[in-house]
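Now for the letters of each chain:
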Amino acid sequence: MRIGYACLAVGVPHTDMKSCMKKNVSMEKLSHLIAHNLESLDNLIGYNIKSGISLFRISSDLIPFGSSSVNTLSWQQIFCSRLEAIGQKITNSGMRVSMHPGQYTVLNSPKPEVVQRAVDDLHYHAFVLDSMGLSLQHKIVLHIGGGYGDKKTSKARFLAHCAYLDASVMQRLVLENDDRVFHIEDVLETGHVLGLPVVYDHLHNTANPCGLRKHHEHWITCCKETWKPKDGCQKIHYSQQDQSKQPGAHSFTISIAPFMDFYKSVETKDVDIMLEVKDKNLSAIKCINCTAGGKTMNTLEAEWRRYKYAVLERSQAEYLKIRALLKDKNAYPAVPFYTHIETALSKPLKQGDALNAAQHVWGYFKKAATANEKAVFYGLIDNYQRGTIPIERVKKWLFRLAVKYGETYLLDALYFSF
DNA sequence: TGACGTCAAGATCCG
DNA sequence: CGGATCTTGACGTCA
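### Looking at the packing of helix H16 (residues 371-385) against helix H17 (residues 391-404)
H17 packs onto H16 with a crossing angle of 160° between their chain directions and a minimal axis gap of 8 Å. Taken together, H16 and H17 sit at an angle that is classed as roughly antiparallel. Judged by the twist between their axes, the crossing of H16 over H17 is left-handed. The segment H16 lies against H17, with Glu373, Val376, Phe377, Leu380, Ile381 and Tyr384 engaging Ile391, Arg393, Val394, Trp397, Leu398, Leu401 and Lys404. Within the contact of H16 with H17, the residues separate by chemical class into ten nonpolar, no polar and three charged.

### Topic: helix H15 (residues 351-362)
When the terminal C-alpha atoms of H15 are compared, their 16 Å separation across twelve residues agrees well with the 16 Å that a helix rising 1.5 Å per residue should span. Among the residues making up H15, those that are buried are Asp353, Ala354, Leu355, Ala357, Ala358, Val361 and Trp362. The inward-facing, buried residues of H15 contact helix H12 (297-314), helix H13 (316-325), H16, H17 and helix H18 (408-411).

### A few points about the protein's contact with DNA strand C
By nearness alone, 16 residues border DNA strand C, and Lys22, Tyr104, Arg117, Gly147 and Tyr148 come closest of all. Of everything in DNA strand C that lies within 4 Å of the protein, sugar and phosphate atoms constitute 72%. In this structure, Gly147 approaches DNA strand C through a main-chain N or O atom, which is 2.7 Å from a phosphate oxygen. Breaking the surface near DNA strand C down by element, the ones donating at least two residues are helix H4 (112-131) and H17. Among the elements that take part in the surface near DNA strand C, H17 stands out by supplying three residues, more than any other.

### Points about the packing of aromatic side chains
In the structure shown here, the tally under the stated rule is 18 aromatic pairs. Where Trp304 meets Phe337, the ring centres are 6.3 Å apart and the plane angle is 80°; that geometry is what we call edge-to-face. With Trp304 in helix H12 and Phe337 in helix H14 (residues 334-345), this pair connects stretches of sequence that are 33 residues apart. For Trp304, a relative accessible area of 8% gives the class buried.

Calculation criteria
Residues numbered from 1 in each chain as written. Chains lettered and ligands numbered in written order. Predicted model: local features only at pLDDT ≥ 70, side-chain atom pairs only at ≥ 80, totals over all residues. Heavy atoms only, no water. Axes fitted to C-alpha atoms, helices over the stretch in contact; angles between N-to-C directions. Helix = DSSP H or I, 4+ residues; strand = E, 2+ residues; numbered from the N terminus. Parallel < 35°, antiparallel > 145°, perpendicular 65-115°, else oblique. Left-handed = near helix turned anticlockwise from the far one by under 90°. Contact = heavy atoms within 4.5 Å. Nonpolar A, V, L, I, M, F, W, Y, C, P; charged D, E, K, R; others polar. Expected span 1.5 Å × (residues − 1). Buried < 20%, exposed > 50% of the residue type's maximum accessible area, 1.4 Å probe, protein only. Near = heavy atom within 4 Å. Polar contact = N/O pair within 3.5 Å; in protein donor to acceptor, adjacent residues only side chain to side chain. Phe/Tyr/Trp six-rings, centres within 6.5 Å; stacked < 30°, edge-to-face > 60°.

By themselves, these figures tell us nothing about what the structure is for.
Okay, here's the thing in structure tokens:
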């Protein structure tokens, strides 16, 4: 059982993906961007290893315009050793990665030019994974595509268009149910015909269920049959609904209580769980810490170091409750710990609490800061109190001071990311 | 024609 | 000028 996250990490420096606009593409620019993105990917992999995260989705934006004719750079040759080195790192750590072309890669389109782009895009994805020397357990996840008012024909067209895909793609391809058109029964049917594994997406199944209203355990068991030994452990997608948005929209964080209920229902089913959620790595670590055995209070204390000022800023009451919770060094109250954090972070920001947290963080520099830095800080505080600037301005200044004075305790504080 | 989703680039504004 | 904030782009489908 692995739990992982998709594409980018919150609060981890030097892991961003850069891109550019199509009209500004040049060889020099692309070369620069790809080098940067591969460096970021390397850092992400390193972060995952350090954090005990062994399931990860690589962003399709890794190579900007990777499957477009505007990218005439021979990046496949130029960066082959770089890709191989990152792949080695992934393999050596036992990490499992995947890639997932977005909703605009539509293999079953009736338009030939759209199909051609989808084919090119899928080969690009396979090329990246192949160049990294990754085994066939590292998959490419794809949706069936559009419905075009006739699902049966649209499904048939998907089957037909798979003939345009090289073995390099087909042996990595896995199919996922979507939230609008093709539900889990459709995808299972297609998966069986093509001999391709099926990813069960829990939230999509909620938004777009099939006629047969079965419990998710039923569908996960059905999907399991589609995963052969060469494909590796069965994968599923789990996310929660953002209540304030459209059905299917991902929540900011994984709420731990409902996740634990879900987890208990699949615990013995030997599945890898990919989380799709805004706070990315943070939820992955949360869910890992609440389900993995052999963890101690040290783990929660490390998490607390990252979260504490973000919590203090939202709720002094929850801050105090967590401190009390962490007193017993022989306990491991992971679920209550994260529940308190969720409670705090869901509260609206109040000026008094925000000021209190900012003053706490300022305490790290109070002695070292120059007179000018002090004046700037209190000037910002004053403006915030008078409502002329948002608290983010104060926090950005504090972050700059943290960088300048090398306060490593603060640099990865989520206070600066929320 | 615009919504959908997603992120960062690009553009513009401000002191 | 640097920094903050607003707008656009890239993609395809569908109402």
